[in-house]
Amino acid sequence: MTLLQVKDLTVEYHTDAGIFRAVEHLNFRLEQGKSLGLVGESGCGKTTAVLAMMRLLPEAGRIVGGEARLDGTDLLRLSPTEMREYRWHKISMVFQGAMNALNPVRTVGSQIEEPLLLHETTPRNRAKEEVARLLDLVGVSPSRANQYPHQFSGGMRQRAMIAMALACRPRVVITDEPTTALDVMIQAQILDLLQELQAELNLSIIMVTHDLGVVAELCDDVLVMYGGRMAECADADTIFNQPAHPYTRRLLLAFPDINDPRAELASIPGFPPPLDNLPPGCRFEPRCDAATAACAHEIPVDVEVAPGHRASCLLARPRKG
Amino acid sequence: MSESFWRSFVRKKAGVLGLTMLVSIILVGILAPWIAPFDPDDPITATSADVMAPPRAGHPLGQDEVGRDVLSLVIYGTRISLLVGFAASLIIVLLGCAIGLVAGYAGGWVDTLLMRITDGILVIPALPLMLVIIAVAGRGITNVILVIGLLTWTYMARTVRAQVLSVRERQFVLRARAIGVSHLGIVIFHILPQILPVIFASATLDVSYAILSEASLSFLGLGDPTLVSWGSIINRAFLRGAVAKGAWWYLVPPGMALAWVTLGLALLSNAVQEIVNPRLGAHHLFDERKMVLLLRRRPSGPESSPQEPSG
């Protein structure tokens, strides 16, 4: 069952330096109890897309068009008050960088308690118990609720942020780079934790990341973004084994393969396109090794390569058989 | 913040000295009726020998032109000077924080409007304006406190606004917004605690500024005529010709008291600012003790003329 469906999402930043289109015509769906990976280089619009869904864009950000239906309700059309109710109740978020997302001068427990009290999920006198339950759920000793963020290790802070995201029992949790800045062992622990929680609570997870390892580990479906647009979208297996978009292929080559540790990593020459100077045709054309003359001026449309597998490339053809 | 802040503070000798100076003068003010040898309000039974009499047994700081004990005057004057200082800086802190927080958090035209008003008040020379207002409004202590407070909050507002501008961009503010904390809640529970130390450091300086302003107003004859403060003592001494008579004991003690409080507050404020913003302090390698250790560990010659840390 489709829980969250995003259609044609377009987001612009209106700044003194001009208007920048950070996300353009983005489409994807998230199934109940599944996880979707949002993958791409820094600045490709991943975080902007999820912040737009959460209606938490910075002042300069404008949602220009599209819809994001959660269980039939369009999040982008809700009034700010209604959205305030929806956030955390229905859709919550683990913010990028757990150190900065926790207020350094307040105890971790009091910060986890905050959404409980604000959304009146738990009566005031039972809030402390609920905080203890949440901390226990994410594997942090409840006795540490009275400590400050600086007394927590990086992994524990991330666990605390996950506990906070789960406070009001949401159906969708967005995690923005949940494992960046953590060492490999802790990364694995956090991913395990997310997987356990997903199974236990029947959560749907959107995982924003640039780490293909995380995607392979955890995600059912993958959306690859480039320059604010979808490059390719399919289930994880297809993305890793039968990528249809040249960018996805190059991205995979830039990532170490455990089965072939001696294979050379290939970086993608050039840089992602600057948002104020986007190429007129396909956004990946200047860096694409398969580009044809048409790619330079024709904007590719989504091609259904196979059922459930879309690629935005002029060269993509429906797979036979 | 609080615990580690206190631990860093006790390590700063100058800061502890400043706090001691401040606490001692506050105690003098509170305990004035018990420690002052005479009450300035008592009926005066002075003979001509008591007029501007120099220090002697019984009157360690001499007497004024009507035979009152100068030491007692200075001790009682502490009360008014400190009262004006703290009351005015309370206004400064409340007004400055409110305006700085609103301007910094709201941004946009609210920020522009508030900051232009702040600039407007900032560019008017404070003392002449105070003189004019007091001359029109009357010489009560309330007026003095209000005038000092209402003309001095601008620095606080600018400092607070600058801090808010940086704190509001931090990720935990976005997180608080996502959770559903109201704007007021974000400002009070998430932003304000971050900038309290800065406000405190700035407020200590405001106290000494307010005390000095009161002294200036009183010296110029615009203080409360019914009350004794350090400024009014100096004003009387000046008007009654203490300078011509060489009665230094009448002029110097209130001046010393002013210097004592101002120095204490400055030391305190510096120490707090150094803790809040460690970059103001010396580089860690220039810590004298650590420098010596580093030099001693050099294999070339442990005792060979350790250089003085420079810079």
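Please read all numbers here as calculations on a predicted model, not as lab measurements.

Here's the deal with the overall build of chain A
Check the secondary structure of chain A and you find ten helices and twelve strands. On C-alpha atoms alone, chain A measures out to a radius of gyration of 20 Å, which is about the 20 Å that the 2.2 N^0.38 rule sets for 321 residues. Each principal axis of the C-alpha distribution contributes one length, and for chain A these read about 65 × 50 × 40 Å. Looking at chain A as a whole, 43% of its 321 residues are labelled buried. The contacts of chain A with a sequence gap of at least 6 include a subset with a gap of at least 24, amounting to 63%.

Section: the overall build of chain B
On a plain count of helices and strands, chain B comes out with twelve helices and zero strands. Moving toward the C terminus, one meets the helices and strands of chain B in the order α-α-α-α-α-α-α-α-α-α-α-α. Across the 311 residues of chain B, 40% fall into the buried class. In chain B, 71% of the contacts between residues at least 6 apart in sequence involve partners at least 24 apart.

Points about the packing of helix α8 (residues 171-179) of chain B against helix α9 (residues 183-219) of chain B
In a packed pair of helices, the relevant descriptors are the angle between the two axes and the axis-to-axis distance. Residues and elements named next belong to chain B. Viewed as axis vectors pointing N to C, α8 and α9 meet at an angle of 145 degrees, and their least axial separation amounts to 11 Å. Seen from above, α8 lies across α9 with right-handed handedness. Taking contact as the criterion, the partners of F172, V173, A176 and R177 in α8 are, on α9, I186, H190 and I191. Within the contact of α8 with α9, the residues separate by chemical class into five nonpolar, one polar and one charged.

Points about the domain arrangement of chain A
Residue and element names in this part refer to chain A. Per the domain assignment, the segments of chain A are domain 1 (2-90 + 170-312) and domain 2 (98-169). Each of domain 1 and domain 2 has a C-alpha centre, and the two are 28 Å apart. Taken residue by residue, the interface counts eleven residues in domain 1 and 13 residues in domain 2. Elements represented by at least two residues in the side of domain 1 that touches domain 2 include exactly α2 (80-89) and α7 (184-201). If you tally residues by element for the side of domain 1 that touches domain 2, the top one is α7, at four residues. Taken together, the residues of the side of domain 1 that touches domain 2 sort by class into nine nonpolar, two polar and no charged.

Focus: the sheet that holds strand β1 (residues 2-15) of chain A
Residues and elements named next belong to chain A. Read across the open sheet, the four strands follow the order β2-β1-β4-β5; overall the sheet is antiparallel. Of all strands in the sheet, those bounded by a partner on one side alone are β2 (18-31) and β5 (73-74). The pairing of β1 with β2 spans ten bridges and is antiparallel. Residue pairing in the sheet places V6 in a bridge with F28 of β2. Helix α1 (residues 46-54) rests against β1, β2 and β4 (61-70) of the sheet, and its axis sits at about 110 degrees to β1.

A word on the nonpolar core
Core analysis: the largest hydrophobic core is formed by 157 residues, its most contacted members being A:A163, A:I206, A:L223 and A:V224. The element contributing the most residues to this core is helix α4 (residues 70-106) of chain B, with 18 residues. When near neighbours in sequence (up to four residues on either side) are disregarded, A:A163 contacts A:I112, A:L134, A:L135, A:L137 and A:V138. Counting five residues, the second-largest nonpolar core is a separate cluster that includes A:A244, A:V305, A:C313 and A:A316.

Here we look at the confidence of the model for chain B
All names here are of chain B. Of all residues in chain B, 88% have pLDDT values of 70 or greater, and the mean over the chain is 85. With pLDDT under 50 throughout, residues 282-286 is counted as low confidence; its partners more than four residues away or in other chains account for seven contacts. For the stretch residues 301-311, pLDDT sits under 50, and the model shows nine contacts to residues farther than four places along the chain or on other chains. The ipTM assigned to the predicted complex is 0.79, against a pTM of 0.77.

Considerations on the interface of chain A and chain B
Taken together, the contacts link 17 residues of chain A with 14 residues of chain B. For the side of chain A that touches chain B, the secondary structure elements donating two or more residues are α2, α3 (98-101) and α4 (108-118) of chain A. A class-by-class count of the residues in the side of chain A that touches chain B yields ten nonpolar, four polar and three charged.

Digging into the environment of B:V252
All names here are of chain B. With respect to the helices and strands, V252 occurs in helix α11 (residues 248-276). Overall, the presence of 16 C-beta atoms within 10 Å leaves V252 in the partly exposed class. Between the alpha carbons of V252 and I80 there is a distance of 18 Å; along the sequence they are 172 residues apart.

Concerning helix α5 (residues 127-137) of chain A
All names here are of chain A. All of the buried residues in α5 are V131, L134 and L135. Buried residues of α5 fall within an arc of 100 degrees about the axis and therefore sit on the same side. Exposed and facing more than 90 degrees away from the buried side of α5 are E129 and D136. If you follow the buried residues of α5, they end up packed against α4 and α6 (154-166). At the C-terminal side of α5, G139 shows a positive phi close to 80 degrees.

Regarding unusual backbone geometry
Residues and elements named next belong to chain A. The backbone phi angle of W88 is positive, close to 80 degrees, even though this residue is not glycine. Relative to the helices and strands, W88 resides in helix α2. Of note, R169 is a non-glycine position whose phi angle comes to about 50 degrees, a positive value. Tracing the backbone through its elements, the reader meets R169 in the loop between α6 and β7 (172-176).

Quick word on the sheet that holds strand β8 (residues 204-209) of chain A
Residue and element names in this part refer to chain A. Sheet architecture is open: eight strands sit in the order β6-β7-β8-β3-β9-β10-β12-β11, paired in mixed fashion. Looking at the sheet topology across the chains shown, the edges are occupied by β6 (91-94) and β11 (302-306). Sheet twist, expressed as the average angle between the axes of neighbouring strands with direction ignored, equals 20 degrees. One ladder, built from five bridges, connects β7 with β8; its direction is parallel. By the bridge assignment for β8, V172 is matched with S204.

What counts as what
Along each chain, residue indices are assigned from 1 in the same order as the chain's sequence is written. For naming, the first written chain is A and the first written ligand is 1, with later ones following in the order written. For this predicted model, a pLDDT threshold of at least 70 governs which residues receive local features, and a threshold of 80 or more governs which side-chain atom pairs are given and counted, while totals over whole chains, interfaces and linings are taken from all residues. Under the DSSP-based scheme used, a helix requires at least four consecutive residues in state H or I and a strand at least two consecutive residues in state E, with every element numbered from the N terminus. The atom set for the radius of gyration is the C-alpha atoms, and the globule formula is 2.2 Å times the number of residues raised to the power 0.38. To sort residues by burial, count the other C-beta atoms lying within 10 Å of each one's C-beta; a count of 20 or more means buried, 12 or fewer means exposed, and anything in between means partly exposed. C-beta atoms are built from the backbone. Residue pairs qualify as contacts under a 7 Å threshold applied to their C-beta atoms, which are placed from the backbone. The convention used is that axes are lines fitted to C-alpha atoms, helices contributing only their stretch in contact, and that angles between N-to-C directions extend from 0 to 180 degrees. The handedness criterion is simple: a crossing whose near helix is rotated anticlockwise from the far helix by less than a right angle is left-handed, and one whose near helix is rotated clockwise is right-handed. In this classification, the charged set is Asp, Glu, Lys and Arg, the nonpolar set is Ala, Val, Leu, Ile, Met, Phe, Trp, Tyr, Cys and Pro, and all remaining amino acids, among them Gly, are polar. Boundary definitions for the domains trace back to an automatic or database domain assignment. Here the rule is simple: two strands pair whenever DSSP picks up at least two bridges between them. In plain words, the nonpolar core is the set of buried Ala, Val, Leu, Ile, Met, Phe, Trp, Tyr and Cys residues that C-beta atoms within 7 Å link up. In predicted models, pLDDT denotes the confidence assigned by the predictor to each residue on a 0 to 100 scale. Working definition: the arc comes from the directions between the helix axis and the C-beta atoms, pointing outward to the latter.

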